[in-house]
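Chain by chain, the residues run as shown.
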Amino acid sequence: MSRRLFIKKVAAAIAAAAFPAHPFAFPGSAVADTRTHRVEISGFRFTPDRLDVSVGDTITWINRDIAPHTATASEGGWDTGELVKDAQASITVTADMETSYFCAFHPMMKAQLSITAADQ
Amino acid sequence: MKQKLLLAVSMLALALQATPAAAQSPADLNDLQIAHVAYVADNIDIRYAHLALAISENPAIHEFARTMIRDHTAVNEQALALLKKLNAQPQDNFLSKQLTANSEKLVDEMSQLRGAAFDKRYAENELAYHKAVNDLVSNAFIPNIENAEVKSLFEAGLKIFKAHEHHAEMMVKAVSK
């Protein structure tokens, strides 16, 4: 192992100890480099409706409306499934995932992701 | 004869005094009567949606109808849970009876239609129905509801019904092309 790689690994270990995994993070995710983003669904809106994320991050949608909603990719590539009131679902960001999404039940509800590569 | 008539009029007057005047305006309804109107209005739209699922062959109409069933059922579940919490029973009234009677006629009318004619009538009725209900909820119900939790539920419901109105506008445009 090179000295540089060794230092990087030690730094990652320290960061992991100092900032424990978020409860929403998936097991095995690179804790030091990824984040969990929350999108609230309320009043028939996704908030925020534009979200900057990185590959490996987790996005958690939480529905606060009485009406059930979904977060569904515009071309159907990913989908949270039905979220009843106060339910939540998470999806891990991948490089090739669709960035436009909507509520499959209320198609006028739309939102957008902006994905950057993990190393950037 | 005259004495009998006077006696009958006096007894009627006493009966009217003994019974509180029935509300004849939406603004006069109490919280439990308003809750019942909303419950009935939700069920009417669910009934229209089931009719659409049975008659229409348009996938967009089916999708819209399923959303109406899903959302109005969710609102009714919240309303029933709140009434249970408040240990209250909804009260039938002139407006809930009027809504039900009107819906019977409309279901009969729409049941005779098929194809594009049904889709157009269903979408137009959904738009008109949600506009009317939203007007009622905004202007007659919410300003007069006394219980804070009931008011909060109606405010949340209004957001849903306004979204439905917007969705119905899109449906009307789509089936009118």
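For every chain, the first residue of the written sequence is number 1, and numbering continues from 1 onward in sequence order. Starting at A for chains and at 1 for ligands, labels are handed out in the order in which the entities are written. Selection of residues for local features in this predicted model requires a pLDDT of at least 70, selection of side-chain atom pairs for listing and counting requires 80 or more, and totals for whole chains, interfaces and linings are taken over all residues. Heavy atoms from the whole structure form the basis of all side-chain values; hydrogens and water molecules are not counted.

A. Highlighting the sheet that holds strand 3 (residues 50-54) of chain A. Residues and elements named next belong to chain A. Here, strands pair whenever DSSP counts at least two bridges between them. Under the scheme used here, helices are H or I runs from DSSP no shorter than 4 residues and strands are E runs no shorter than 2 residues, and both carry numbers assigned from the N terminus. As summarised here, the arrangement of the four strands in space is 3-8-7-5, forming an open sheet in which the pairing is mixed. Each edge of the open sheet is held by one strand with a lone partner, namely strand 3 and strand 5 (72-73). Pairing geometry for strand 7 (residues 100-102) and strand 8 (residues 110-116), over three bridges, is antiparallel. In the strand pairing of strand 8, Phe 102 is matched with Lys 110.

B. Molecular detail of the confidence of the model for chain B. All names here are of chain B. Residues at a pLDDT of 70 or more form 87% of chain B, whose mean pLDDT is 88. By definition, pLDDT measures how confident the predictor is in each residue, and it falls between 0 and 100. Looking over chain B, one finds the lowest element-wise mean pLDDT in helix 1 (residues 2-18), namely 40, and the highest in helix 5 (residues 115-141), namely 96. Note on contacts: a residue pair qualifies if any of its non-hydrogen atoms lie within 4.5 Å across the two residues. Across residues 4-20, confidence stays below pLDDT 50; counting only partners more than four residues off in sequence or on other chains, it has zero contacts.

C. Structural view of the nonpolar core. Core analysis: the largest hydrophobic core is formed by 74 residues, its most contacted members being Phe 46, Trp 61, Trp 78 and Tyr 101 of chain A together with Tyr 122 and Phe 141 of chain B. Not counting the four nearest positions on each side in its chain, Trp 78 of chain A is found in contact with Trp 61, Ala 71, Thr 72, Ala 73, Ile 91, Met 97, Glu 98, Tyr 101 and Leu 113 of chain A. Residues belong to a common nonpolar core when they are buried Ala, Val, Leu, Ile, Met, Phe, Trp, Tyr or Cys residues joined through side-chain atoms within 4.5 Å. The rule is simple: take the accessible area with a 1.4 Å probe, protein chains only, and divide by the maximum for that residue type; under 20% is buried, over 50% is exposed, in between is partly exposed.

D. Expanded view of the side chain of His 106 of chain A. Structurally, His 106 of chain A is set in the loop between strand 7 and strand 8. Side chain to side chain, His 106 of chain A and His 69 of chain A meet in a polar contact 3.0 Å long. Not counting residues within four places of it along the chain, the set of residues in contact with His 106 of chain A comprises Phe 44, Ala 67, Pro 68 and His 69 of chain A together with Thr 67, Asp 71 and His 164 of chain B. Polar contact is the term for a pair of N or O atoms within 3.5 Å; when the atoms are in protein, one must be able to donate a hydrogen and the other to accept it, and sequence-neighboring residues count only if both atoms are side-chain atoms.

E. The packing of aromatic side chains, seen in detail. When the centres of two rings from Phe, Tyr and Trp lie within 6.5 Å, Trp using its six-membered ring, the rings pair. Their planes under 30 degrees apart give stacked, over 60 give edge-to-face, and anything left gives tilted. Applying the stated criterion across every chain yields a total of eight aromatic pairs over all chains. Here the aromatic rings of Trp 78 of chain A and Tyr 101 of chain A are separated by 5.4 Å at their centres, their planes lie at 55 degrees, and the arrangement is tilted. Placement of Trp 78 of chain A in the loop between strand 5 and strand 6 (88-92) and of Tyr 101 of chain A in strand 7 is noted, with a sequence separation of 23 residues between them. Neither Trp 78 of chain A nor Tyr 101 of chain A differs from the other in exposure class; each is buried. Consider the rings of Phe 64 of chain B and Tyr 122 of chain B, whose centres lie 6.1 Å apart with planes at 80 degrees: the pair is edge-to-face. Taken as a pair, Phe 64 of chain B in helix 3 (residues 59-85) and Tyr 122 of chain B in helix 5 lie far apart in primary sequence, 58 residues in all. Phe 64 of chain B sits in the buried class, given a relative accessible area of 2%. A residue is classified by how much of its surface remains accessible, and Tyr 122 of chain B, at 0% relative accessible area, is buried. Grouping aromatic residues by their ring pairs yields a cluster made of Phe 46, Trp 61, Trp 78 and Tyr 101 of chain A. The cationic tip of Arg 70 of chain B hangs over the ring face of Phe 105 of chain A; the distance from NZ or CZ to the ring centre is 3.3 Å. Should the NZ of a Lys or the CZ of an Arg lie within 6 Å of a ring centre and within 35 degrees of the ring normal, that charge is described as sitting over the ring.

F. Highlighting the packing of helix 4 (residues 94-111) of chain B against helix 5 of chain B. Residues and elements named next belong to chain B. Axes, fitted as lines to C-alpha atoms, cover a helix only where it is in contact. Angles between the N-to-C directions of the axes lie from 0 to 180 degrees. Put simply, helix 4 and helix 5 touch, their axes get as near as 12 Å, and they point 170 degrees apart. By the angle class used here, helix 4 and helix 5 are roughly antiparallel. Here Leu 95, Leu 106, Glu 109 and Met 110 of helix 4 come into contact with helix 5, specifically with Phe 118, Arg 121, Tyr 122, Asn 125, Leu 136 and Phe 141. Taken together, the residues of the contact of helix 4 with helix 5 break down into seven nonpolar, one polar and two charged. Angular relationships are summarised with four words: roughly parallel below 35 degrees, roughly antiparallel beyond 145, roughly perpendicular across 65 to 115, and oblique for the angles in between. Put simply, Ala, Val, Leu, Ile, Met, Phe, Trp, Tyr, Cys and Pro go in the nonpolar bin, Asp, Glu, Lys and Arg in the charged bin, and everything else, Gly too, in the polar bin.

G. Highlighting the sheet that holds strand 4 (residues 58-63) of chain A. Residues and elements named next belong to chain A. Overall, mixed pairing links the four strands, which are arranged 2-1-4-6 in an open sheet. Only two strands of the sheet have a single neighbouring strand rather than two, namely strand 2 (45-47) and strand 6. This sheet shows a mean twist of 20 degrees between the axes of neighbouring strands, independent of strand direction. By the bridge criterion, five bridges tie strand 4 to strand 6 in an arrangement that is antiparallel. Directly across from Ile 62, in strand 6, lies its bridge partner Gln 88.

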